[in-house]
Amino acid sequence: MFAFRTLLALCTAAVSVAAIPYNNTSAALARRTTFSSSTTGTQDNYFYSLYMEDSSTGTSMDVENGSYSLTWAADVVDVVAGLGWNPGSAQVINYSATFSTSGNAYLSVYGWTTSPLVEYYIVESYGDYNPSSGLSLLGTVTSDGGTYDLYSTTRTNAPSIQGTATFGQYWSIRTSHRTSGTVTTANHFNAWKALGLSMGTFNYQILATEGYESTGTSSVTVSSGGSSSTGTTTTSTTTTKATTSTTSTTAASTATGAAAEY
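Being a predicted model, the structure only gives us computed values, none of them experimental.

(A) Region of interest: a negative patch on the surface. A cluster of acidic side chains, namely Glu-53, Asp-54, Asp-75 and Glu-213, defines a negative patch on the protein surface. If you trace the backbone, Glu-53 turns up in the loop between strand E3 (46–52) and strand E4 (60–64).

(B) Region of interest: the sheet that holds strand E15 (residues 216–224). The strand order across the open sheet built from six strands is E1-E4-E5-E15-E7-E13, with neighbouring strands paired in antiparallel fashion. At either end of the open sheet lies a strand with only one pairing partner, and these are strand E1 (33–35) and strand E13 (180–184). Averaged over neighbouring strand pairs, the angle between their axes works out to 20° when direction is ignored. With five bridges connecting them, strand E7 (residues 92–101) and E13 associate as antiparallel partners. Counterpart to Val-92 in the pairing with E13 is Thr-184. Packed on one face of the sheet, helix H2 (residues 185–194) meets E7 and E13 and runs near 50° to E13.

(C) Molecular detail of the pairing of E3. With six of seven residues buried, E3 lies mostly within the body of the structure. Between strand E2 (residues 39–43) and E3, which follow one another and run antiparallel, lie two residues, and Asp-44 among them has a positive phi close to 55°. Pairing between E3 and strand E6 (residues 78–85): six bridges, direction antiparallel. Counted as the bridge partner of Leu-50 is Ala-81 from E6.

(D) Broad picture of H2. Burial analysis of H2 places seven of its 10 residues in the buried class, which makes it a mostly covered element. Within H2, the full set of buried residues consists of Thr-185, Ala-186, Asn-187, His-188, Phe-189, Ala-191 and Trp-192. Looking one or two residues past H2, Gly-196 carries a phi angle of roughly 85°, positive in sign.

(E) Structural view of the packing of aromatic side chains. Under the defined criterion, the tally for this structure stands at 15 aromatic pairs. Both rings, one in Tyr-46 and one in Trp-85, keep their centres 6.1 Å apart while their planes meet at 55°; by these two values the pair is tilted. Of this pair, Tyr-46 sits in strand E3 while Trp-85 sits in strand E6, placing them 39 residues apart in sequence. Arranged with centres 5.4 Å apart and planes meeting at 50°, the rings of Phe-189 and Phe-202 form a pair that is tilted. Pair noted here: Phe-189 is in helix H2 and Phe-202 is in strand E14 (residues 201–212), with a separation of 13 residues, a long-range link. For the pair formed by Phe-189 and Phe-202, the shared burial category is buried. Following the ring pairs from residue to residue traces out a cluster consisting of Phe-47, Tyr-106, Tyr-110, Trp-112, Tyr-121, Phe-167, Trp-171 and Tyr-204.

(F) Structural view of the side chain of Asn-94. Relative to the helices and strands, Asn-94 resides in strand E7. A distance of 2.7 Å separates a polar atom in the side chain of Asn-94 from the backbone oxygen of Gly-225. In this view, Asn-94 contacts Gly-181, Thr-182, Thr-221, Val-222, Ser-223, Ser-224 and Gly-225; residues no more than four positions away in its chain are not counted.

(G) A look at the nonpolar core. Membership of the largest hydrophobic core comes to 39 residues, with the highest contact counts inside it found for Leu-50, Met-61, Leu-70, Tyr-120, Trp-192 and Leu-207. Aside from chain neighbours lying at most four places away, what touches Trp-192 is Tyr-120, Tyr-121, Ile-122, Leu-150, Tyr-151, Tyr-170, Trp-171, Ser-172, Leu-197 and Met-199. Grouped together as the second largest cluster of nonpolar side chains are 18 residues, Trp-112, Val-123, Trp-171 and Ile-173 included.

(H) Up close: the side chain of Ser-132. Relative to the helices and strands, Ser-132 resides in the loop between strand E9 (118–126) and strand E10 (139–143). For Ser-132, a relative accessible area of 8% puts it in the buried group. Not counting residues within four places of it along the chain, the set of residues in contact with Ser-132 comprises Tyr-151 and Ile-173.

What counts and what doesn't
Residues numbered from 1 in each chain as written. Predicted model: local features only at pLDDT ≥ 70, side-chain atom pairs only at ≥ 80, totals over all residues. Heavy atoms only, no water. Patch = residues over 30% accessible without salt bridge, like charges linked within 9 Å, V, L, I, M, F, W, Y side chains within 5 Å. Areas by Shrake-Rupley, 256 points an atom, 1.4 Å probe, with all protein chains shown as cover. Salt bridge = Lys/Arg side-chain N within 4 Å of Asp/Glu carboxyl O. Lys, Arg positive; Asp, Glu negative; His and termini not counted. Charge placed at Lys NZ, Arg CZ, Asp CG, Glu CD. Helix = DSSP H or I, 4+ residues; strand = E, 2+ residues; numbered from the N terminus. Pairing = 2+ DSSP bridges. Axes fitted to C-alpha atoms, helices over the stretch in contact; angles between N-to-C directions. Contact = heavy atoms within 4.5 Å. Buried < 20%, exposed > 50% of the residue type's maximum accessible area, 1.4 Å probe, protein only. Phe/Tyr/Trp six-rings, centres within 6.5 Å; stacked < 30°, edge-to-face > 60°. Polar contact = N/O pair within 3.5 Å; in protein donor to acceptor, adjacent residues only side chain to side chain. Core = buried A, V, L, I, M, F, W, Y, C linked by side-chain atoms within 4.5 Å.

The values reported here are purely geometric and, on their own, carry no functional implication.
Below, the structure written as structure tokens:
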């Protein structure tokens with residue numbers, strides 16, 4: 001009797017243990033979503049976006065639990081993929097990434113505002129092409145242990161979140177490349193403001209990978225909240241300091257919060 005009961009207990013335990021990996025794997029697969037055409041949406045309380053200028057058999061994006069991975073091919077022409085919040089805010093963004101490209105690509109905090117319509121980039125790393133090429137340096141901002149060069153341009157009759165439009169495009173480009181860290185976005189917004197570059201009501205805001213006529217891969221994990229840094233902005237005529245407050249915003253509350261004007 002003892003041997004039978006012992007055998008029954010061991011068999012029951014074995015069945016239970018064997019079932020655990022299957023259930024966990026099924027749950028993980030249910031959360032992971034793969035996209036191969038332009039789309040936007042929300043998953044695990046994060047906003048995701050994939051823009052593809054042209055169809056491509058070699059370009060796809062996987063989204064899962066605060067992370068995404070992107071593989072892109074040159075035939076897509078231009079691809080922008082990322083994970084973040086809609087609406088965005090002047091928040092502290094934390095990220096960790098791997099980023100590899102054979103050509104023109106950026107890893108950046110990317111977003112839009114409306115009224116005025118503005119497209120903005122806080123570039124953390126880029127490939128063999130500096131996106132500031134041909135633009136005039138307006139100043140610099142020191143933030144989160146690095147220096148960023150500031151630029152702006154006007155896009156005329158170009159694609160936007162409001163269709164074909166004319167709008168401002170703002171750049172803050174880190175001079176020393178990195179693929180992980182903290183971005184105190186308010187320091188960059190304040191720097192642009194000090195240059196007279198107005199922003200409006202936040203639309204979406206993502207930690208993005210963009211590739212243009214290139215190939216590459218990236219894997220990115222993103223979150224918000226934590227300690228901010230002091231930003232120092234230098235322009236052609238003045239130097240200003242701005243200290244931003246510490247935030248502890250969760251992805252869920254940010255993704256569902258009301259849009260704010262900066």
